[in-house]
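# Coordinate analysis (summary)
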Amino acid sequence: MEFKVYSFQSLGNYFSADIMAVYNGKWIFCMHRERDTWEHPSGHIEPGETPLEAAKRELYEETGAADFDMEPLGDYFIDAVQNGWHFKGNGQVYFAVVRVLGALPDGSEMKKTGLFDSLPDRLTYPLLRDCFSVAEQKLREKMSQASLPR
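Below is a short write-up of the structure.

What counts and how
Along each chain, residues carry numbers from 1 onward, in the same order as the chain's sequence is written. Reporting in this predicted model follows two pLDDT cut-offs: at least 70 for local features of residues, and 80 or more for side-chain atom pairs to be given and counted; totals over whole chains, interfaces and linings ignore these cut-offs and use all residues. In computing side-chain values, all of the structure's heavy atoms are included and hydrogens and water are not. Secondary structure follows DSSP: runs of H or I at least 4 residues long count as helices, runs of E at least 2 residues long count as strands, and numbering of each begins at the N terminus. All radius of gyration figures rest on C-alpha atoms, and the globule criterion is 2.2 Å times the number of residues raised to 0.38. Classification of residues uses two cut-offs on accessible area relative to the type maximum, computed with a 1.4 Å probe and protein chains only: under 20% is buried, over 50% is exposed, and between them is partly exposed. Any two residues whose heavy atoms approach within 4.5 Å at even a single point are treated as in contact. Every accessible area reported is derived by Shrake-Rupley at a probe size of 1.4 Å, with residue values counting cover from the shown protein chains alone. Counted charges follow a simple rule, with Lys and Arg positive, Asp and Glu negative, and His plus the chain ends left uncounted. Every charge is mapped to an atom, namely NZ of Lys, CZ of Arg, CG of Asp or CD of Glu. A pair of aromatic rings is counted whenever rings of Phe, Tyr or Trp (Trp by its six-membered ring) have centres within 6.5 Å, and the orientation is called stacked for planes under 30 degrees apart, edge-to-face for over 60 and tilted otherwise.

The subject of this paragraph is the overall build of the protein. A tally of helices and strands in the protein yields two helices and eight strands. Starting at the N terminus, the α and β elements of the protein follow one another as β-β-β-β-β-α-β-β-β-α. The globule rule puts the C-alpha radius of gyration for 150 residues at 15 Å, and the 15 Å found for the protein is close to it. Principal-axis analysis of the C-alpha atoms places the extent of the protein at approximately 45 × 35 × 35 Å. Across the 150 residues that make up the protein, the buried fraction comes to 48%. Contacts spanning at least 24 positions in sequence make up 74% of the contacts within the protein whose residues lie at least 6 apart. Summed over all atoms, the accessible surface of the protein reaches about 8200 Å², with 49% contributed by carbon and sulfur. Counting 16 positive and 23 negative side-chain charges, the protein places the centres of these two groups 5 Å from one another.

Our next topic: the packing of aromatic side chains. Evaluated as defined, the whole model comprises eight aromatic pairs. Cluster of aromatic residues (ring-pair linked, three or more members): Trp27, Phe29, Trp38, Phe95, Phe116 and Phe132.

Right under this line is the structure:
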């Protein structure tokens, strides 16, 4: 099993886009219809789609986020089995601040979303904890910038 985080656009040939998202200061996680664990929004990059386009699509499809700002966090390489699936390749991780969180769209593979102050205990993909710590730092920076007088 291997998982390593890199600076953004260090790797190339990405297969997955992952999003660490917040809404009203809380982390957004979703629960797949076939699981009872929490996961961050993510998914495979479709042919002809950029990682950023995939991240935006997945955030909407898996959480109902209708209005948000998104920026890069980093890249990762994974070679590990998670929940019976073998993942091997490069992914990109994004940070999103959601302004409008709507209902899950029709046909979503998720059964629900949840808002959390920190990581939920039961994670579908616990290897991505390293990416979450980078996202927490980004959130602290955003909150600090928001509190500065203009």
